[in-house]
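# Fold and contact review
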Amino acid sequence: MPPGELLPLAALASGRGSNFQALQDACARGAIPARVAAVVSDNPRAPALERARAQGVPAVVVERKDYASRAAFDTALADAALAAGARLVCLAGFMRVLSPVFLERFGGMVINIHPSLLPAFPGLDAQKQALDYGVKVAGCTVHFVDAGVDTGPIILQACVPVEPDDTVETLSARILEQEHRLYPKAVALIAAGKVAPPAAGRVARVTAL
Ligand code: GRF
């Protein structure tokens, strides 16, 4: 981004929206050179939409049931984000896998946050998977999105300890605190041109901020 310009991003959220909130807070206090241009949700009851409206961020609903195919739905999602002016898409608890139809519209500028140290524990209930496995260190990952589930090139990771008496709730809360720190940091790296979507099959090279 040229100095002084803000990178417009769209947050795609299906639920609570605390990661959208962390991005919005970081943008609002000028901590990162970005702005949230819209929240797009597939769930009309997502609390993320309420959070967006409360802060004057455009909130858009695109429901799967209104489209005949996954491709048409993904196209509508991309249209909504692009219409808001977004140049980066941040998946923030978005509960659907995006097809290449969507990813191609953004030239790879689609990132996700996942509550595990990928490639361990992709998919649903990552914190429970970590506890069930018995790992002693857990964490979160921000990565570029590809056509797989939680498989794209890693941008940043943060770790937390797993305590002997942890439950899914206590571990999730400890990881979430790191998510809220890590996601804005990853957006800042992208906005500053310190990391970009790599060619297929390559790792993402991150230059220090
Ligand atoms: C987070 O744990 C995120 O890592 C995962 O889904 C959860 C979304 O939480 N992808 P929120 O809606 O951002 O509060």
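Structure first, text after, so check above.
Residues numbered from 1 in each chain as written. Predicted model: local features only at pLDDT ≥ 70, side-chain atom pairs only at ≥ 80, totals over all residues. Heavy atoms only, no water.

Contact geometry of helix H1 (residues 18-28) with helix H2 (residues 47-54) gives a least axis separation of 9 Å together with a crossing angle of 20°. With respect to their mutual orientation, H1 and H2 come out roughly parallel. Considering how the two elements wind past one another, H1 and H2 form a crossing that is right-handed. Facing H1, whose interface residues are Ser18, Phe20 and Gln21, H2 presents Ala48, Arg51 and Ala52. Partitioned by chemical class, the residues of the contact of H1 with H2 number three nonpolar, two polar and one charged. (Axes fitted to C-alpha atoms, helices over the stretch in contact; angles between N-to-C directions. Helix = DSSP H or I, 4+ residues; strand = E, 2+ residues; numbered from the N terminus. Parallel < 35°, antiparallel > 145°, perpendicular 65-115°, else oblique. Left-handed = near helix turned anticlockwise from the far one by under 90°. Contact = heavy atoms within 4.5 Å. Nonpolar A, V, L, I, M, F, W, Y, C, P; charged D, E, K, R; others polar.)

Around the ligand sit Arg16, Gly17, Ser18, Asn19, Gly93, Ile113, His114, Pro115 and Glu179, and those are all the residues in its vicinity. In this structure, Ser18 approaches the ligand through a side-chain N or O atom, which is 2.5 Å from an oxygen atom. In this structure, an oxygen atom belonging to the ligand sits 2.8 Å away from a main-chain N or O atom of Asn19. Here the ligand, which alone exposes 370 Å², has 85% of that area covered by the protein. Mapped by element, the contributors of at least two residues to the shell around the ligand are H1 and strand S5 (110-114). Considering only residue class, the shell around the ligand consists of two nonpolar, five polar and two charged. (Near = heavy atom within 4 Å. Polar contact = N/O pair within 3.5 Å; in protein donor to acceptor, adjacent residues only side chain to side chain. Areas by Shrake-Rupley, 256 points an atom, 1.4 Å probe, with all protein chains shown as cover.)

Our next topic: the packing of helix H5 (residues 126-133) against helix H6 (residues 168-191). Between H5 and H6, whose axes approach to 9 Å, the crossing angle comes to 120°. Considering how the two elements wind past one another, H5 and H6 form a crossing that is right-handed. Listed contacts from H6 to Gln127, Lys128 and Leu131 of H5 are Val168, Leu171, Ser172 and Ile175.

Bringing the pairing of S5 into the picture now. Taking burial as the measure, the five residues of S5 include five buried ones, the bulk of the element. Because side chains alternate across S5, one face comprises the buried residues Val110, Asn112 and His114, and the other comprises Ile111 and Ile113, equally buried. As paired strands, S5 and strand S6 (residues 137-144) are joined by four bridges and run antiparallel to one another. Within the sheet, the bridge partner assigned to Asn112 lies in S6 and is His143. (Buried < 20%, exposed > 50% of the residue type's maximum accessible area, 1.4 Å probe, protein only. Pairing = 2+ DSSP bridges.)

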